[in-house]
Amino acid sequence: MRWPLLTLALKSLANRGVSVGLTVLSIVLSVSLFLGVENIRSSVRESFNSTISDTDLIVGARGGSINLLLYSVFRLGDPTANIGWDSYQLIASAPGVAWTVPISLGDSHRGYRVVGTNTAYFDHYRYGRSRPLEMAEGREFERVHETVLGAEVARRLDYGLGGHILLSHGIGDVSFAEHSGHDFEIVGILEPTGTPVDRSVHVSLESIEAIHVGWESGAPPPAGAQAAADPEALVPDSITAVLVGADSPIRVLGLQRQINTYRGEALSAVMPGVALSRLWQVIGAGETAFKAISLLVVVVGMTGILTALSSGLNERRREMAVLRATGARPADIFALLVLEAASIAAAGALIGIAVTWIALSLVARGVAARYGLDLGGTGPGLTELVVFIAVTLAGAALGAWPAWRAQRNALADGLSIRL
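Keep in mind it's a predicted model, so treat the numbers as computed, not measured.

(A) Expanded view of the packing of helix H3 (residues 65-72) against helix H9 (residues 272-283). At a minimum axis distance of 9 Å, the contact between H3 and H9 shows a crossing angle of 95°. With respect to H9, the element H3 is oriented roughly perpendicular. Two secondary-structure elements touch here, H3 through Ser65, Ile66, Leu69 and Leu70 and H9 through Ala275, Leu276, Arg278, Leu279 and Val282. The residue inventory of the contact of H3 with H9, partitioned by class, reads seven nonpolar, one polar and one charged.

Okay, here's the thing in C-alpha cells:
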C-alpha cells in the first residue's frame, strides 16, 4: 500500500508540535544569524571597496601605496612628506587630466582630522556606486574661516549650522596647541556616507594657510598675529596628496607612469581600486572568521533535527510498528522520517529568510542614515535560495540516520510489551 507520505509526515509533525516547534525555532535563529552576518559582511566589504570611486589616481610623496591610501582616504597614519605646490600645478595641467582635488592634512579638531581642500572636492569626490557628496544642511565653504563637517563629527559633537570651532595643530587625539584667534563658522554638514568623509572637518586651502601664518618655526605665533587679509596671498607651498581624474580610462596608466618617473620630485601615483584590494587582503582576515562562525551556528542549529528525531524514536516505536502492520514497507518508514527532517529544515530556513529580510528592512534606513551603510538588496536573492536548498538537503541527510534505525525495527519488536 502506498501511503501519502508527505501528508502523513506533516500530520505527524503537527502531533508533536512543541518539540518540532523548538527545533524549527533553533533553525530559524541559526539561518537568520547566518544571513544577517553574511549581509553585513558583504555590505561592509562593498562599502570598504567603494570608499572612494571614480578617482583614477591618488598622488602623494614617494612611499608605499597602502600608506598613501591610508592617510589620504582613510585619514589614518602620518604622511611621509608633502608635495610641492608647483608639482601639483604641473599634474593639474598635464594632458589627459580632467580634474584634480588637492588635499592638505596636518590639523585636527577634537580627534577628527581636518582636510584642507577646495570646492572641487565636493564636485568630484565619489563613493559607493558613483554617489556624490550631498549636503544635509547648509552649503559649501566659500571664504576663509568657514568649515563643512562630516556627518559623524556633527552628530558626535552635537554641532549645528552657525556654530564656531577651533582647530588644533597636529593630528593627535589630544593637542595642546590650538590655532587661537581663528574661529571657524560651520556653514555645512554633509549627509552620511559610511566613509572617512563622515569623520572629517573640511576647510579651504586658504584657511589652512591662514591658521599657519607665524608657525614657520613650528611653534605658535606671538599673541595677536593675524593672517593676511588677501586670500590670493594665502597660496600653499605644499599639499599632502592629490586626487586625479583622467579624461579617458586609457590615459590612466600613462599618467601613472609619468608621475612615478617625474624627476622634479619623488612622487607616487596609485590606483585606488588596486590599493584597496591590497589593503583588504591585509585587514580582511576577520571576514573569514565571521563567515566560519556563522556557518558553525547553522551546523549547531541543524544538529537539533538529528537530536529531536533520534530522541523521539523510542516513543515512536509503536507508531512505526502500526504503520508496518497496516502495509507500510521499511522504505516507507525511511522516507517518512527523512521527509519529516526535510520539512523541519525547510520550514526553519524559509521562516529564517523571511525574518532576516523583515529585520533588515526595518533597520536599513536607520543604518543608512546613521552610518551610511547600505544593507542592500530589494529582497531575497541567489544567496537565500542556496541557503534554503542547502539547509533542506542537510536536514534530509541528518534524518537518514534515525530513519535507518527506525526501518530496521521489527514488527514484533514494536508490538511487544516491554516490562
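Don't stop here, the text continues.
(B) How the structure looks around the packing of aromatic side chains. Going through the model one piece at a time under the given rule, you end up with four aromatic pairs. Aromatic pair Trp85 and Tyr88: ring centres 4.8 Å apart, planes at 40°, arrangement tilted. On the criterion of helical spacing, the pair formed by Trp85 and Tyr88 is a turn pair, its members being three residues apart in helix H4 (residues 85-92). In this structure Trp85 comes out as buried when scored by relative accessible area, which is 16%. Overall, Tyr88 belongs to the buried group, its relative accessible area being 8%. Note on Tyr121 and Tyr125: the rings are 5.3 Å apart at their centroids and 35° apart in plane angle, and the pair reads as tilted.

(C) Highlighting the nonpolar core. Counting 30 residues, the largest nonpolar core has Leu69, Tyr125, Leu133 and Leu243 as its most contacted members. Elements represented by at least two residues in this core include exactly H3, strand E3 (97-109), helix H5 (120-124), strand E11 (184-190) and H9. When neighbours within four sequence positions are excluded, Leu133 is seen to be in contact with Tyr121, Phe122, Tyr125, Tyr127, Leu190, Thr193 and Val197. The next biggest cluster of nonpolar side chains, apart from the first, holds 19 residues, and it includes Ala341, Trp357, Leu360 and Val387.

(D) Highlighting a nonpolar patch on the surface. On the surface, Leu382, Leu385, Val386, Ile389 and Leu393 cluster together into a nonpolar patch covering about 510 Å² of accessible area. Secondary-structure assignment places Leu393 in helix H13 (residues 382-408). On the basis of relative accessibility, which here comes to 58%, the residue Leu393 falls in the exposed class.

(E) A look at the environment of Ala345. Residue placement: Ala345 occurs in helix H12 (residues 330-371). Expressed as a C-alpha distance, the spacing of Ala345 and Met302, which sit 43 residues apart in the sequence, is 7.6 Å.

(F) Just the pattern of salt bridges, in detail. Within this structure, the stated rule accounts for five salt bridges. When the shortest N-O distance is used, the salt bridge between Asp247 and Arg251 registers 3.8 Å. Judged by its relative accessible area of 40%, Arg251 falls in the partly exposed class. In the salt-bridge network here, residues are joined through shared partners; they are Arg139, Glu142, Arg143 and Glu146.

(G) Main features of the pairing of E3. Summarising burial for E3: eleven of the 13 residues are buried, a large majority. Inspection of the sheet shows E3 paired to strand E14 (residues 241-246) by six bridges, in the antiparallel sense. Residue pairing for E14: Trp99 is matched across the bridge by Gly245. Both E3 and strand E4 (residues 112-117) contribute to a ladder of four bridges, which runs antiparallel. Its bridge partner being in E4, Asp107 is matched across the sheet by Val114. The hairpin turn running from E3 into E4, its antiparallel successor, is two residues long, and Arg110 in that turn takes a positive phi close to 50°. Looking at chain direction, E3 and strand E10 (residues 168-169) are connected through two bridges and run antiparallel. Each residue of the ladder has a partner; that of Ser108, found in E10, is Ser168.

Cut-offs used in this document
- Residues numbered from 1 in each chain as written.
- Predicted model: local features only at pLDDT ≥ 70, side-chain atom pairs only at ≥ 80, totals over all residues.
- Heavy atoms only, no water.
- Axes fitted to C-alpha atoms, helices over the stretch in contact; angles between N-to-C directions.
- Helix = DSSP H or I, 4+ residues; strand = E, 2+ residues; numbered from the N terminus.
- Parallel < 35°, antiparallel > 145°, perpendicular 65-115°, else oblique.
- Contact = heavy atoms within 4.5 Å.
- Nonpolar A, V, L, I, M, F, W, Y, C, P; charged D, E, K, R; others polar.
- Phe/Tyr/Trp six-rings, centres within 6.5 Å; stacked < 30°, edge-to-face > 60°.
- Buried < 20%, exposed > 50% of the residue type's maximum accessible area, 1.4 Å probe, protein only.
- Core = buried A, V, L, I, M, F, W, Y, C linked by side-chain atoms within 4.5 Å.
- Patch = residues over 30% accessible without salt bridge, like charges linked within 9 Å, V, L, I, M, F, W, Y side chains within 5 Å.
- Areas by Shrake-Rupley, 256 points an atom, 1.4 Å probe, with all protein chains shown as cover.
- Salt bridge = Lys/Arg side-chain N within 4 Å of Asp/Glu carboxyl O.
- Pairing = 2+ DSSP bridges.

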